[in-house]
Amino acid sequence: MNHYRQYYPSMQLADFIECYWVLHAPARTMDVPDRLIPGGRVELIFNFGLPADWLITADNPQGIRQHGPVIMGQRNQIFYVKGKGETSILGVRFKPGGMTAFTNMPMADLLNTLLPAELLLGKAVKGLETQLSDYSTDDKRIQLLDTLLKTELKNTPTDLQVVNHSIDILRNTPDDISIDTICRQTGWYYKKLERVFLKNVGYTPKHYHRILRFNKAVRYMRTTQTLTDVCHVCNYFDQAHFIREFRLFTGTTPSQFKKENNRVADFLIKHQPV
């Protein structure tokens, strides 16, 4: 039986970390990859189970296998992941721009990548994995991780307030809002907003808006049977536009996606707001 749980960070880290999360799952009888839909979060992942093959594509059917802690970058295309046995994972899901409090690397450099965590957070992160594995409960692991991450804060992102304000506008207003409207509300011209988004979030504002709308559409598909309703609620131009975008981000059609067992994608849609 799968066990998934999220934990909130301490107040000192709340501006940068969305949540800590744990996933425990038994080995699967069918050795098939799970779909990873595009998402807007950077994550630090500790794998205490057997290694997994990440970021599988048609061009790279073997994917990427990393030992030790990894940084999973934000994604703007369809990938797959395949576990090799029992799953036991602890993750840190950063808020958009939150990772920049721990590293100077621009988030645009993490797009569609999986990297050893020590490249961004230093060699100490490997020792952190060893310390975490010594604890037998998730609660104690989370407490230790939160304590140590507070000591790793390096930067106070100066542009994060504007980024967060822009994201709030995109999340809480109709999907047909224009980026020009955001520029007027923030007082920033587009090129500056784009530069700040690429550095902190890893997408341009326009691309982030597309992924935000796509995730909203997938969530809405769970409660409706008609593509017409999805297109109307999410302000796609027409069904052809929605299906084209859906194929780009999932590798399949909306109707086929609903028929398939999308275990990991369902977790992301249910628990990970873009």
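Described in the following lines is the structure provided in the data block. Note that this is a predicted model, so its numbers are computed, not measured.

Calculation criteria
Residues numbered from 1 in each chain as written. Predicted model: local features only at pLDDT ≥ 70, side-chain atom pairs only at ≥ 80, totals over all residues. Heavy atoms only, no water. Pairing = 2+ DSSP bridges. Helix = DSSP H or I, 4+ residues; strand = E, 2+ residues; numbered from the N terminus. Axes fitted to C-alpha atoms, helices over the stretch in contact; angles between N-to-C directions. Buried < 20%, exposed > 50% of the residue type's maximum accessible area, 1.4 Å probe, protein only. Contact = heavy atoms within 4.5 Å. 1 Å grid on protein atoms, 1.4 Å probe; cavity = no way out; pocket = protein on both sides within 12 Å on 5 of 7 lines; lining within 4 Å. Points joined across faces, edges and corners; volume = space filled by probe spheres on them. Nonpolar A, V, L, I, M, F, W, Y, C, P; charged D, E, K, R; others polar. Parallel < 35°, antiparallel > 145°, perpendicular 65-115°, else oblique. Core = buried A, V, L, I, M, F, W, Y, C linked by side-chain atoms within 4.5 Å. Arc of directions from axis to C-beta.

## Focus: the sheet that holds strand E6 (residues 70–72)
Right, on to step 1. Pairing is antiparallel in the open sheet, where 6 strands are placed in the order E1-E2-E8-E4-E6-E9. Strands with a single pairing partner mark the edges of an open sheet, and in this sheet they are strand E1 (3–7) and strand E9 (114–116). Neighbour-to-neighbour, the strand axes of this sheet turn through a mean angle of 20°, independent of strand direction.
Right, on to step 2. Note: E1 against strand E2 (residues 17–25), 5 bridges, orientation antiparallel. Across the sheet, residue Gln6 finds its bridge partner in E2, namely Trp21.

## Notes on the environment of Val42
Right, on to step 1. Tracing the sequence through the fold places Val42 in the loop between strand E3 (34–36) and strand E4 (43–47).
Right, on to step 2. In this structure Val42 comes out as buried when scored by relative accessible area, which is 6%.
Right, on to step 3. For the pair formed by Val42 and Ile64, sequence separation is 22 residues and the distance between their alpha carbons is 17 Å.
Right, on to step 4. Among all residues touching Val42, those that are not within four sequence positions of it are Ile71, Met72, Gln74, Val92, Arg93, Phe94, Met99, Met107 and Leu110.

## Overview of empty space enclosed by the protein
The rolling of a water-molecule-sized probe over the atoms marks out the regions of remaining empty space.
Right, on to step 1. Under the counting rule described, the total for this entry stands at 2 cavities of 30 Å³ or more.
Right, on to step 2. Roughly 40 Å³ of volume is contained in the largest cavity.
Right, on to step 3. Taken together, Gly40, Arg41, Val42, Phe94, Lys95, Pro96, Gly97, Gly98, Met99, Met107, Asn200 and Val201 form the lining of the largest cavity.
Right, on to step 4. For the lining of the largest cavity, the per-class residue count stands at 6 nonpolar, 4 polar and 2 charged.

## Considering the packing of helix H8 (residues 227–234) against helix H9 (residues 239–250)
Helix packing for two helices is described by the angle between their axes and how far apart those axes are.
Right, on to step 1. Here H8 crosses H9 at 90°, and the two axes come no closer than 9 Å. What the angle tells us is that H8 and H9 run roughly perpendicular. Between H8, through Leu227, Thr228, Val230 and Cys231, and H9, the contact on the second element is made entirely by Gln239, Phe242 and Ile243.
Right, on to step 2. Split into classes, the residues belonging to the contact of H8 with H9 amount to 5 nonpolar, 2 polar and no charged.

## Looking at the environment of Gly68
Right, on to step 1. In this structure, Gly68 sits in the loop between strand E5 (52–56) and E6.
Right, on to step 2. For the pair formed by Gly68 and Phe46, sequence separation is 22 residues and the distance between their alpha carbons is 6.9 Å.
Right, on to step 3. Excluding residues that lie within four positions of it along the chain, Gly68 makes contacts with Ile45 and Glu129.

## Here's the deal with the sheet that holds E5
Right, on to step 1. Ordered in space as E3-E7-E5, the 3 strands form an open sheet in which the pairing is antiparallel. Every other strand in the sheet has two partners, leaving E3 and E5 as the edge strands with one partner each. If you compare each strand with its neighbour and ignore which way they point, the axes differ by 25° on average.

## Things to note about the nonpolar core
Right, on to step 1. By size, the foremost hydrophobic cluster in this structure holds 31 residues, and its most contacted members are Tyr208 and Phe242.
Right, on to step 2. The set of elements that each furnish at least two residues to this core consists of helix H4 (160–172), helix H5 (179–186), helix H6 (190–200), helix H7 (205–221), H8 and H9.
Right, on to step 3. Ranked by residue count, the leading element in this core is H7, at 7 residues.
Right, on to step 4. If sequence neighbours within four positions are ignored, Phe242 has contacts with Ala217, Met221, Leu227, Val230, Cys231, Tyr236 and Pro254.

## Some remarks on helix H2 (residues 124–133)
Right, on to step 1. Residues of H2 that are buried: Val125, Leu128, Glu129 and Leu132. Down the axis of H2, the sector holding all buried residues measures 100°, keeping them to one side.
Right, on to step 2. Those residues of H2 hidden inside the fold are in contact with E4, strand E8 (87–94), helix H1 (118–121) and helix H3 (138–151).

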